Amino acid sequence: MSSHVYLVLTLIFYAVGALHVVLQALTRRRLLTNWTVAATLVGFALHTAALAQRWTEAGHFPAVGLHDGASLLAWTVMLVFLVIQTYSKTPLEALGLAVYPLAFALVLIANLTPAVPVGDPVLRGLFLPIHTTLAFFGYAALFVAFAVGVMYLIQERELKSRAPRTFYHLIPSLERCDTLSARAVEVGFALLTLAIITGLLWSHAVHGRYWTSSPKEWSAVLAWVLYVVLILVRQRTGWGGRRAALLGIAAFAAVAFTFVWMNISTASVVARTP
Amino acid sequence: MIVVVGVSHRTAPLPVRESLAFPRESLADALVRMKAEAGALEAMILSTCNRVELYVREDEAAGAGTLEGFLCRYHRRDALTLQPHLYRLSDTDAIRHAFRVAASLESMVIGEPQILGQVKDAYQAAEEAGTLGASLNALRNRSLAAAKRVRTQTGIGRNAVSVSYVAVELARKIFGELKDKNVLLVGAGKMSELAAKHLVRSGGRATVLGGRTFEKAAELAAALGGKAAPFEALRDELARTDIVISGTGAPGIVIQEADVEIARAGRRGRHARPLFLIDIAVPRDIDPAVGKLGGVFLYDLDDLKAVAEANLRGRLKEAAAAEALVDREVREFLGWQKAREAVPLLTELRRRAEDIRRAELDKAKKRLGPLTPEQEAALEAATTAIVNKLLHPPTVHLKEAARESDAPEQLSLIRKLLGL
């Protein structure tokens, strides 16, 4: 089977998961039922098969262009979510409300966009898999930090309004949101740092220059600086909670821009090369 | 047939229920006596503060009223005064009742979690007393499993529905773990004591601020395993604490906005840590403006009541789903029970067929004379196959028929037809 078939099947299973999680949230039941978990695992297995297939089809690590980038990011986010659910002492089901729709949307984008043609020698070698793996796991961790930060703000607003309702029993305690977000930022920041370093080295190897002054480089560095500020301020002053959540959200906006710009621009660049 | 006789919060006031309660120590003795006196095959007693119920499996022949008689004699109560409070359910109704009680659908506060443990203990006690047999044991397994499913699959027991528990739940929502969180009590009232006890049990450390009577504060602090401080230390204590429970009888505001602002400014390093203030005094102790400060959560008594009421409404909504689930489980249990009634008939049928097969096989062997082992095995296999193939459809049909409502008639017809 071609990677497209796998990807369509993946989309169907993720759609089931996403729909189910949202419905469960609306009826205020437990978020993850056995059905959701089963659909997720089958979807994830198909997704893995799709990526493996795509890797052999493309002849390089499937992370270039919107089609491959979206698919790989969805896979990474799903993997991180599954790992958190498995290994976290208290499972964080509410995260599913962010992860499932995102994974569904990304796989949908991947299904709707054409795979970029192969051929650029830049894509051979080890820089592509190393740099993108670091970057994508970094994005996934920072996405978790972002989502948990949003959950913090929602939860705080509900508690402050003195009439906790919809999300009251879905979202974990403020303290847990805060510490989890801080942890995810630390992990994501470390990966982002390594991704930036490998990116610079790659750029040097290809263009002979470390810095090409592209918007994605600027936004990556901006995100990096914002995360440095966030981590330092948290450590030095015990700052946290609401303001940390807001800063984390702002920093993630820069990360999101970096990802989108990279995949749209590389898609066009690679598409233009004959 | 399973029968239940008892009183509950729906049929009897507390004094009546109290007078009929079975203390844990005398339960074994009561079970044995009840089984003997009521002529029951199996017996179980569920005795909680909201209900006293006697469960038995008895012969169809046992007359009505024996259980009621035992209850009156045991507690030396007059049957006539007790009669209006008692209910008696039998067969399907009794089974349904047992499922509903375990699932907390019959509880005073629907969805309360204690009942499951109480039912478990009651069966356990009956098992230890040796009065539990196969039928009640099956009822135990199925009803407890159903109750657990109700708890996990519906939201019936989800949120707190009493003011003091709501306070604890909110504290958990804010702080997660309550271990080593500082709890500051301002004023020593009944309600603040109750909420503080819950918090301390979850690992919180209590400090009690004394008002005009310091002794009272010291007493409460000792009871909570915490310390007492004079009221003048309010601002210092506010700077240290995570949770404040205020319930003084003061006519005006006791904790001003400035108190909290200054205290929070003094919290270096933990500046962003939230502060949860619970004002259960009427009139209120804490300036409502405090609730607008960043990182501060202020709930007064009405807020807590509103949350509790909303939670209760949520539970009642979930109760419909729980009812449906219990209905399904009860139907399944009844079907399973009926299918079991067909089992003796089935074994009898099988044994009869096997006897005939053996007899005919022996006759045939005598006529045929000596056979090789292969020939003998072939004969054996052929006859067994005939019997199995002939019996397969009636076996399936019997199991199905047993689940139908007219099972007894059907079973007796089958008995006649097969000459069993």
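Residues numbered from 1 in each chain as written. Chains lettered and ligands numbered in written order. Predicted model: local features only at pLDDT ≥ 70, side-chain atom pairs only at ≥ 80, totals over all residues. Heavy atoms only, no water.

## Side note on the interface of chain A and chain B
Move 1: The interface is formed by 25 residues belonging to chain A together with 31 residues belonging to chain B.
Move 2: Both sides of the chain A and chain B interface together cover about 2,100 Å² of buried area, and 46% of this is carbon and sulfur.
Move 3: Counting across the interface, chain A meets chain B through 10 residue pairs in polar contact (both at pLDDT 80 or more).
Move 4: Mapped onto the side of chain A that touches chain B, the elements with two or more residues apiece are α5 (127-160) and α6 (174-207) of chain A.
Move 5: A per-element tally of the side of chain A that touches chain B places α5 of chain A first, with 5 residues.
Move 6: Taken together, the residues that form the side of chain A that touches chain B break down as 7 nonpolar, 7 polar and 11 charged. (Contact = heavy atoms within 4.5 Å. Buried area = accessible area lost by both parts, 1.4 Å probe. Polar contact = N/O pair within 3.5 Å; in protein donor to acceptor, adjacent residues only side chain to side chain. Helix = DSSP H or I, 4+ residues; strand = E, 2+ residues; numbered from the N terminus. Nonpolar A, V, L, I, M, F, W, Y, C, P; charged D, E, K, R; others polar.)

## Overview of the sheet that holds strand β1 (residues 2-8) of chain B
Residue and element names in this part refer to chain B.
Move 1: Taken in spatial order, the 4 strands line up as β2-β3-β1-β4 in an open sheet, and their pairing is antiparallel. A single partner strand is all that each edge strand has here, and the edge strands are β2 (40-47) and β4 (87-90). Direction aside, the axes of adjacent strands within the sheet are offset by 15° on average.
Move 2: In the sheet, β2 pairs with strand β3 (residues 51-58) via 7 bridges, with the strands oriented antiparallel. Its bridge partner lying in β3, Glu 42 is registered against Arg 57.
Move 3: The strands that helix α3 (residues 66-75) touches are β1, β3 and β4; relative to β3, the one it contacts most, it runs at about 135°.
Move 4: Those strands touched by helix α7 (residues 134-153) are β1, β2 and β3, and its axis lies near 35° from that of β2. (Pairing = 2+ DSSP bridges. Axes fitted to C-alpha atoms, helices over the stretch in contact; angles between N-to-C directions.)

## Quick look at the sheet that holds strand β5 (residues 182-186) of chain B
Residue and element names in this part refer to chain B.
Move 1: Spatially, β7-β6-β5-β8-β9-β10 is the arrangement adopted by the 6 strands of the open sheet, whose pairing is parallel. Each of the sheet's edge strands pairs with one partner strand only, and the pair in question is β7 (227-230) and β10 (296-300). Taken pair by pair, the neighbouring strands of this sheet meet at an average axis angle of 20°, ignoring direction.
Move 2: The sheet contact formed by strand β8 (residues 243-246) and strand β9 (residues 275-279) spans 4 bridges and is parallel.

## Points about unusual backbone geometry
Negative phi characterises most residues that are not glycine, and trans characterises most peptide bonds.
Residue and element names in this part refer to chain B.
Move 1: For the peptide bond that leads from Val 282 to Pro 283, omega is -5°, which places it in the cis range.
Move 2: Among the structural elements, Pro 283 can be located in the loop between β9 and β10.
Move 3: You will see that Arg 76, though not glycine, has its phi angle at about 50°, which is positive.
Move 4: Within the secondary structure layout, Arg 76 lies in the loop between α3 and α4 (79-82).
Move 5: Not every positive phi belongs to a glycine, and Asp 91 is a case in point at roughly 55°.
Move 6: Positionally, Asp 91 belongs in the loop between β4 and α5 (92-102).

## Section: the packing of aromatic side chains
Move 1: For the structure on display, the rule yields 18 aromatic pairs over all chains.
Move 2: Here the aromatic rings of Phe 146 of chain A and Phe 252 of chain A are separated by 4.7 Å at their centres, their planes lie at 20°, and the arrangement is stacked. Of this pair, Phe 146 of chain A sits in helix α5 while Phe 252 of chain A sits in helix α8 (residues 241-272), placing them 106 residues apart in sequence.
Move 3: Residue class for Phe 146 of chain A comes out partly exposed when judged on its relative accessible area of 23%.
Move 4: Pairing Phe 99 of chain B with Phe 333 of chain B gives two aromatic rings, centres 5.6 Å apart and planes at 55°, and the pair type is tilted. Taken together, the residues span a long stretch of sequence, with Phe 99 of chain B in helix α5 and Phe 333 of chain B in helix α13 (residues 301-368) at a distance of 234 residues.
Move 5: Of the aromatic side chains, those joined through ring pairs into one cluster are Phe 136, Tyr 139 and Phe 259 of chain A.
Move 6: One cation-aromatic arrangement involves Lys 160 of chain A over Phe 297 of chain B; the distance from NZ or CZ to the ring centre is 5.7 Å.
Move 7: Looking at Arg 142 of chain B, its charged tip hangs above the ring of Trp 336 of chain B, at a distance of 5.1 Å from the centre. (Phe/Tyr/Trp six-rings, centres within 6.5 Å; stacked < 30°, edge-to-face > 60°. Buried < 20%, exposed > 50% of the residue type's maximum accessible area, 1.4 Å probe, protein only. Lys NZ or Arg CZ within 6 Å of the ring centre and 35° of its normal.)

## Focus on the pattern of salt bridges
Between side chains of opposite charge, a pair can form when the charged atoms approach closely.
Residues and elements named next belong to chain B.
Move 1: All chains considered together, the criterion is met by 29 salt bridges over all chains.
Move 2: The closest approach of N and O atoms between Lys 363 and Glu 360, which form a salt bridge, is 3.3 Å. Here Lys 363 pairs with Glu 360, and both are found in helix α13, just 3 residues apart, close to one helical turn.
Move 3: When salt bridges with common partners are traced through the structure, they connect Arg 10, Arg 100, Glu 106 and Glu 323 into a single cluster. (Salt bridge = Lys/Arg side-chain N within 4 Å of Asp/Glu carboxyl O.)

## Points about α13 of chain B
Residues and elements named next belong to chain B.
Move 1: With 68 residues, α13 extends 96 Å between its outermost C-alpha atoms, agreeing within 8% with the 100 Å of an ideal straight helix rising 1.5 Å per residue.
Move 2: Of all the bends in α13, the greatest, near 30°, is centred on Val 343, and the proline Pro 344 appears no more than four residues after it.
Move 3: Two or three places before Asp 302, at the opening of α13, Asp 300 has a side-chain oxygen 3.0 Å from that residue's backbone nitrogen.
Move 4: Once α13 ends, the next one or two residues include Gly 369, with phi positive near 80°. (Expected span 1.5 Å × (residues − 1). Bend = angle between axes of the 7 residues up to and from the residue.)

## A look at a nonpolar patch on the surface
Residues and elements named next belong to chain A.
Move 1: A contiguous nonpolar surface patch, about 670 Å² in accessible area, is contributed by Phe 127, Leu 194, Ile 197, Leu 201, Tyr 210, Trp 211 and Trp 218.
Move 2: The leading source of residues in the nonpolar patch is α6, at 3 residues.
Move 3: Mapped onto the elements of the fold, Tyr 210 is located in the loop between α6 and α7 (215-237). (Patch = residues over 30% accessible without salt bridge, like charges linked within 9 Å, V, L, I, M, F, W, Y side chains within 5 Å. Areas by Shrake-Rupley, 256 points an atom, 1.4 Å probe, with all protein chains shown as cover.)

## Things to note about the side chain of Asn 111 of chain A
All names here are of chain A.
Move 1: Inspection of the secondary structure puts Asn 111 in helix α4 (residues 96-112).
Move 2: Only 3.3 Å separates the side chain of Asn 111 from the backbone oxygen of Leu 7, close enough to count as a polar contact.
Move 3: In contact with Asn 111, other than residues within four places in its own chain, are His 4, Leu 7, Val 8 and Leu 11.

## Concerning the pairing of β3 of chain B
All names here are of chain B.
Move 1: By the criterion of burial, β3 is predominantly enclosed, with 7 of the 8 residues buried.
Move 2: Where β1 and β3 come together, 7 bridges link them in antiparallel fashion. Note on β3: the bridge partner recorded for Ser 8 is Arg 51.
Move 3: Linking two consecutive strands that pair antiparallel, namely β2 and β3, is a turn of 3 residues.

## Points about the confidence of the model for chain A
Move 1: Scored by pLDDT, chain A has a mean of 85; 92% of the residues are at 70 or more.
Move 2: Here residues 268-274 of chain A is modelled with pLDDT under 50, and outside its nearest four sequence neighbours on either side it reaches 6 contacts, counting other chains as well. (pLDDT = per-residue confidence, 0-100.)

## Quick look at α4 of chain A
All names here are of chain A.
Move 1: Taking 1.5 Å as the rise per residue, α4 with 17 residues should run 24 Å; its terminal C-alpha atoms sit 24 Å apart, in good agreement.
Move 2: What α4 keeps buried is the set Gly 96, Val 99, Tyr 100, Ala 103, Leu 106, Val 107, Ala 110 and Asn 111. What you see down the axis of α4 is that its buried residues fit within an arc of 140°, all on one side.
Move 3: Along its buried surface, α4 packs onto α1 (3-26), α2 (34-58), α3 (65-87) and α5. (Arc of directions from axis to C-beta.)

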